[in-house]
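Here is how the chains run, residue by residue.
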Amino acid sequence: MSWFKGLKYLVAAASALAPLALVVPVFAMSGGCGGECASCHSITLQEAGSLLKGIGVVKDVKPAEVRGLYEVTFEQQGNSGVAYVDYSKKYIIAGQAFDIASRQPVGANAPAAKQQERLDPKTLSSNDALVMGNPKGKKKLFVFTDPECPYCAKAHGELKKLAALEPDLAIYIKLFPLKMHPNAYDKSRVILAAKSLELLENSFAGKALPAATEATPKKPVDETIRFAAAAGINSTPTLVLPDGRVLPGFKDAATMRKLLTGTN
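Below you will find a few notes about this structure. Small disclaimer: the values here were computed from a predicted structure and weren't measured.

Of all hydrophobic cores here, the largest spans 27 residues; its most connected members are Leu-141, Leu-159, Leu-162, Ile-171, Ile-173, Ile-191 and Leu-200. Among the secondary structure elements, those contributing two or more residues to this core are β7 (130–133), β8 (139–145), α4 (150–165), β9 (169–175), α5 (184–194), α6 (197–204) and α8 (253–261). Sequence-distant contacts of Leu-162, defined by excluding residues within four places in its chain, comprise Leu-141, Leu-169, Ala-253, Met-256, Arg-257 and Leu-260. Counting 14 residues, the second-largest nonpolar core is a separate cluster that includes Leu-119, Ala-170, Ala-231 and Val-240.

What follows is the structure in structure tokens.
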């Protein structure tokens, strides 16, 4: 698709969000400032939720790559969308932001890496993972999970069943917090710092976890996020089988066992 055709497509897509544009005034450019924007401007998730009340449920808000704007991720009738709010918190933009030089969308609208159908098992590290089943098992199953994902909670119970069925299986749980779950990142830090399956299960059960502090490591979680991004893994739960096959989505214990044994 050419740059011109891409812009035509963008205009057509933006027109579908016309009701959103009618809810609030259009954005007007104002004077900027130098230095670090966050030192003068901030917004909370609650504030963003109030601004988009009636439009959608706000899942995440952060400074946009375009100075002077916040990038807001929200859900509306089961669909995820992105909008931009200016620093004055008076205006909202519906649509995509493009980098002029690369002609590519930026921020949450940027194209995600294509998910690979198969990974080299040697690239997967058991470091910074919770271990379920037999730690010395010859078979290795990796699971990318989010401590606030309801499907991950359901899958966790099935993994327990699978571990009982496969005594030679080591299950490595890599905590991969999604942006749509704003508390999942800090929960993942706390769970990994304690190396605790119990804390993960408490999170799945909706129980409170200890609060993350400045001393709670970020690197273990950040490295998993970077690996997932490079591999195109963008949903939870996602399984990586011993042969490197990548399978997103919930699977029950029987299905996972068939996949492991190659009888599916």
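To continue, consider the side chain of Thr-238. When you line up the elements, Thr-238 lands in strand β10 (residues 238–240). One polar contact links the side chain of Thr-238 to the main-chain carbonyl oxygen of Ser-235, over a distance of 2.7 Å. Apart from residues lying up to four places away in sequence, Thr-238 is in contact with Phe-142, Val-143, Phe-144, Ile-233, Val-246, Leu-247 and Pro-248.

Here the focus is the sheet that holds strand β2 (residues 69–76). Ordered by their spatial adjacency, 4 strands build an open sheet running β1-β2-β3-β4, and the pairing between neighbours is antiparallel. A strand with exactly one partner marks an edge of an open sheet, and here the two such strands are β1 (57–63) and β4 (92–94). On average, each strand axis in the sheet is inclined to that of its neighbour by 30°, with strand direction left out of account. The pairing of β1 with β2 spans 6 bridges and is antiparallel.

Right, let's get into the packing of aromatic side chains. Summed over the entire model, instances satisfying the criterion amount to 4 aromatic pairs. When the centroid spacing of 6.2 Å and the interplanar angle of 5° are considered together, the rings of Phe-144 and Phe-227 count as stacked. Placement of Phe-144 in strand β8 and of Phe-227 in helix α7 (residues 219–231) is noted, with a sequence separation of 83 residues between them. An aromatic cluster of three or more residues is present, and its members are Phe-144, Phe-176 and Phe-227. Lys-154 extends its terminal NZ or CZ atom over the ring of Phe-250, reaching a point 4.6 Å from the ring centre.

The geometry of α4 relative to α6 is characterised by a closest axis approach of 9 Å and an angle of 135° between their N-to-C directions. By the angle class used here, α4 and α6 are oblique. As for how α4 packs across α6, the hand of that crossing is left-handed. From α4, Cys-152, Ala-153, His-156 and Lys-160 reach across to α6, where they touch Leu-197, Leu-200, Glu-201 and Phe-204. A breakdown of the residues in the contact of α4 with α6 according to their chemical character gives 5 nonpolar, 1 polar and 2 charged.

Excluding glycine, most residues fall at negative phi; most peptide bonds, likewise, are trans. The omega angle of the peptide bond from Thr-236 to Pro-237 is -5°, so this bond is cis rather than trans. Tracing the sequence through the fold places Pro-237 in the loop between α7 and β10. Phi angles above zero are rare outside glycine, and Lys-89 is one such case at about 60°. Note that Lys-89 resides in the loop between β3 (79–86) and β4. Backbone geometry places Asp-128, a non-glycine residue, at a positive phi of 55°. The class for Asp-128 is partly exposed, based on a relative accessible area of 24%.

Since one α-helical turn is 3.6 residues long, residues separated by three or four positions face the same way. Between its terminal C-alpha atoms α4 stretches 24 Å, which fits the 22 Å expected from 16 residues at 1.5 Å a residue. For α4, the complete set of buried residues consists of Cys-152, Ala-155, His-156, Glu-158, Leu-159, Leu-162 and Ala-163.

Let us look at the pattern of salt bridges. This model, assessed by the stated rule, comprises 11 salt bridges. One salt bridge in this structure joins Arg-245 and Asp-243, with 2.8 Å as the shortest N-O distance. A residue is classified by how much of its surface remains accessible, and Asp-243, at 33% relative accessible area, is partly exposed. Here the salt bridges do not stand alone but share partners, grouping Arg-118, Asp-243 and Arg-245 into one network.

What counts and what doesn't
- Residues numbered from 1 in each chain as written.
- Predicted model: local features only at pLDDT ≥ 70, side-chain atom pairs only at ≥ 80, totals over all residues.
- Heavy atoms only, no water.
- Core = buried A, V, L, I, M, F, W, Y, C linked by side-chain atoms within 4.5 Å.
- Buried < 20%, exposed > 50% of the residue type's maximum accessible area, 1.4 Å probe, protein only.
- Helix = DSSP H or I, 4+ residues; strand = E, 2+ residues; numbered from the N terminus.
- Contact = heavy atoms within 4.5 Å.
- Polar contact = N/O pair within 3.5 Å; in protein donor to acceptor, adjacent residues only side chain to side chain.
- Pairing = 2+ DSSP bridges.
- Axes fitted to C-alpha atoms, helices over the stretch in contact; angles between N-to-C directions.
- Phe/Tyr/Trp six-rings, centres within 6.5 Å; stacked < 30°, edge-to-face > 60°.
- Lys NZ or Arg CZ within 6 Å of the ring centre and 35° of its normal.
- Parallel < 35°, antiparallel > 145°, perpendicular 65-115°, else oblique.
- Left-handed = near helix turned anticlockwise from the far one by under 90°.
- Nonpolar A, V, L, I, M, F, W, Y, C, P; charged D, E, K, R; others polar.
- Expected span 1.5 Å × (residues − 1).
- Salt bridge = Lys/Arg side-chain N within 4 Å of Asp/Glu carboxyl O.

Shape descriptors only; they carry no functional weight alone.
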